[in-house]
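Chain by chain, the residues:
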Amino acid sequence: MGKENDRFLRIYRESRWKDTDEIWVDRETGVNYLYHSTGYSGGICVLLDADGKPVITKLDEYGRAL
């Protein structure tokens, strides 16, 4: 994480005791994913808008969120 050539970019993180929520953006497609973990388990899913389509973040030419 943190290198400019990494495929995914973390744009949000919230942590409470054993729970963590993060939003990751695929730098190639702009698709947003929600990652949630509790203790030793976790899961990831595509974030959807009100129409059921994936949430897309626009990225600049360096793969940074606009």
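Residues numbered from 1 in each chain as written. Predicted model: local features only at pLDDT ≥ 70, side-chain atom pairs only at ≥ 80, totals over all residues. Heavy atoms only, no water.

This part covers the pairing of strand E1 (residues 8-16). Bridging between E1 and strand E2 (residues 19-26) involves eight bridges; their strand directions are antiparallel. Paired with Phe8 across the two strands is Asp26, which belongs to E2. Linking E1 to E2, which pair antiparallel, is a turn of two residues; within it Trp17 sits at a positive phi near 35°. (Pairing = 2+ DSSP bridges. Helix = DSSP H or I, 4+ residues; strand = E, 2+ residues; numbered from the N terminus.)

With that settled, consider the sheet that holds E2. Overall, antiparallel pairing links the four strands, which are arranged E1-E2-E3-E4 in an open sheet. Both edges of this open sheet fall to E1 and strand E4 (41-46), since each of them pairs with a single strand only. Direction aside, the axes of adjacent strands within the sheet are offset by 15° on average. Note: strand E3 (residues 32-38) against E4, six bridges, orientation antiparallel. Its bridge partner lying in E4, His36 is registered against Gly43. (Axes fitted to C-alpha atoms, helices over the stretch in contact; angles between N-to-C directions.)

Keep in mind these numbers describe shape, not what the thing actually does.
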